[in-house]
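Reading the structure
Spelled out from the first residue to the last, the chains are:
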Amino acid sequence: MTGQTWLGRFQVDQEVHDGHVLAHDLVLRRKVEIWLWKMRHPTDTGSIHKMLGDYAKLQHQALATVLAHGNADGHAWVVVPHMPGGSLTERLGAGKLDVREAMAVVERLAVALDYIHSRGAIHGELHPQVVQFDEAGAAHLCFLEFHKFMGFAMDTAWLMPPDYLDYRSPEYGSDDADARSDVYSLGGILFAMLTGLSPKGYVPGGKKGDTPTPSAPAVEARGELSLGVRGVIDRA
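Notes on the structure in this doc start here.

The rules behind each value
Residues numbered from 1 in each chain as written. Predicted model: local features only at pLDDT ≥ 70, side-chain atom pairs only at ≥ 80, totals over all residues. Heavy atoms only, no water. Phe/Tyr/Trp six-rings, centres within 6.5 Å; stacked < 30°, edge-to-face > 60°. Helix = DSSP H or I, 4+ residues; strand = E, 2+ residues; numbered from the N terminus. Buried < 20%, exposed > 50% of the residue type's maximum accessible area, 1.4 Å probe, protein only. Lys NZ or Arg CZ within 6 Å of the ring centre and 35° of its normal. Salt bridge = Lys/Arg side-chain N within 4 Å of Asp/Glu carboxyl O. Polar contact = N/O pair within 3.5 Å; in protein donor to acceptor, adjacent residues only side chain to side chain. Contact = heavy atoms within 4.5 Å. Core = buried A, V, L, I, M, F, W, Y, C linked by side-chain atoms within 4.5 Å. 1 Å grid on protein atoms, 1.4 Å probe; cavity = no way out; pocket = protein on both sides within 12 Å on 5 of 7 lines; lining within 4 Å. Points joined across faces, edges and corners; volume = space filled by probe spheres on them. Pairing = 2+ DSSP bridges.

Examining the packing of aromatic side chains
Scanning the model with the defined rule gives 3 aromatic pairs in all. An angle of 75 degrees between the planes, with centres 5.6 Å apart, marks the rings of W6 and W77 as edge-to-face. Note that W6 is positioned in strand β1 (residues 5-6) and W77 in strand β6 (residues 75-81), a separation of 71 residues in sequence. The exposure classification of W6 matches that of W77, with both residues buried. Residues F10 and W77 carry aromatic rings whose centres are separated by 5.8 Å and whose planes lie at 75 degrees to one another, so their mutual orientation is edge-to-face. Residue F10 is found in strand β2 (residues 10-17), and its partner W77 is found in strand β6; the two are separated by 67 residues along the sequence. For the residue pair F10 and W77, the accessibility class agrees, reading buried in each case. By way of ring pairs, the aromatic residues W6, F10 and W77 are connected into one cluster. In this arrangement the basic side chain of R91 is found over the ring face of F133, its NZ or CZ atom lying 3.7 Å from the centre.

Pasting the structure below:
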């Protein structure tokens, strides 16, 4: 697709990987990111289109705004602003963040979640890969309620790093999952930013072991935090 014009609107600049394209929107005249999902069944496109339409109605400065969406050639697609700052997973690959930077990120995400929850929605799959940064370094929450797409689409591995399960609340997948599940996951993200480890003790985005319990480094890292910061994490 690189160098081609897709749907008569998007000049494709780069295929980052399967399902993720950087392009120039010829209508909006701006650089964008296009995410595509291959449908399991052709009849699923209507459901996906409705969910993307509902997502597009949510407008907040800390949410990745849906600029356009649709379906073509058996794929659902969504267009969001280009986030040149990359993901939180990438940042954590270089190590933990300092307290001030971590608190700025978590505060911005918390405000976005409060907005989402006030409108009857939840994120449902909150982990560092869905936190993206713009050119100014501001964090944006992406892929709202992405868990709903999994039943309709394939090719979702690009959004599922090896440690994403570490951030899920115990209620995930049950009728008990609600806004508190997002708060639980946000606490896990804060822990990861302050320690450089996922809640179960793995380097974010890195290879996991078999143990389902927190490893010793995670417990030790928690002990290095101030009482005030530890209290915030524990409450989440």
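A word on the pattern of salt bridges
Taken as a whole and assessed by the stated rule, the structure comprises 4 salt bridges. Note that D178 and R180 form a salt bridge whose closest N and O atoms lie 2.7 Å from each other. Exposure remark for D178: the relative accessible area of 26% places this residue in the partly exposed category. Among the residues examined, R180 registers a relative accessible area of 63% and is labelled exposed.

Digging into the side chain of H60
Examined against the element boundaries, H60 turns out to sit in the loop between α1 (45-56) and β5 (68-72). Relative accessible area serves as the criterion here: at 18%, H60 is assigned to the buried category. Within the local environment of H60, its side chain forms a polar contact with the backbone nitrogen of A62, the two atoms lying 2.9 Å apart. Those residues in contact with H60, other than ones at most four positions away along the chain, are V111, A112 and Y115.

Things to note about the nonpolar core
Counting residues in each nonpolar core, the largest one holds 44 residues, and the members touching the most others are L88, L141 and M193. Broken down by secondary-structure element, the contributors of at least two residues to this core are β4 (30-38), α1, β6, α2 (88-92), α3 (99-118), β7 (131-133), β8 (139-141) and α4 (179-195). The greatest single-element share of this core, amounting to 8 residues, is contributed by α3. Setting aside its immediate chain neighbours within four residues, M193 contacts L88, L92, K96, L97, A102, V105 and V106. In this structure, V21, A23, I34 and A68 belong to the second largest nonpolar core, which totals 12 residues.

Some thoughts on the side chain of E125
With respect to the secondary-structure elements, E125 resides in the loop between α3 and β7. At 2.8 Å, the side chain of E125 forms a polar contact with the side chain of R168.

A short note on empty space enclosed by the protein
One pass over the full model with this rule turns up 2 cavities of 30 Å³ or more. One number sums up the size of the second largest cavity: a volume of about 40 Å³. Lining the second largest cavity are E33, W35, V80, M83, Q132, C142 and F143.

A look at the pairing of strand β3 (residues 20-25)
Looking along a regular strand, one sees side chains alternate from face to face of the sheet. Of all 6 residues in β3, 5 are buried, a share of seventy percent or more. For β2 and β3, the ladder comprises 6 bridges, and the chain directions are antiparallel. When the bridges of β3 are listed, Q11 appears paired with H24. Bridge count for β3 against β4 is 6 bridges, and the pairing is antiparallel. Bridge assignment links L22 to a residue of β4, and that residue is E33.

Geometry only, nothing functional implied.
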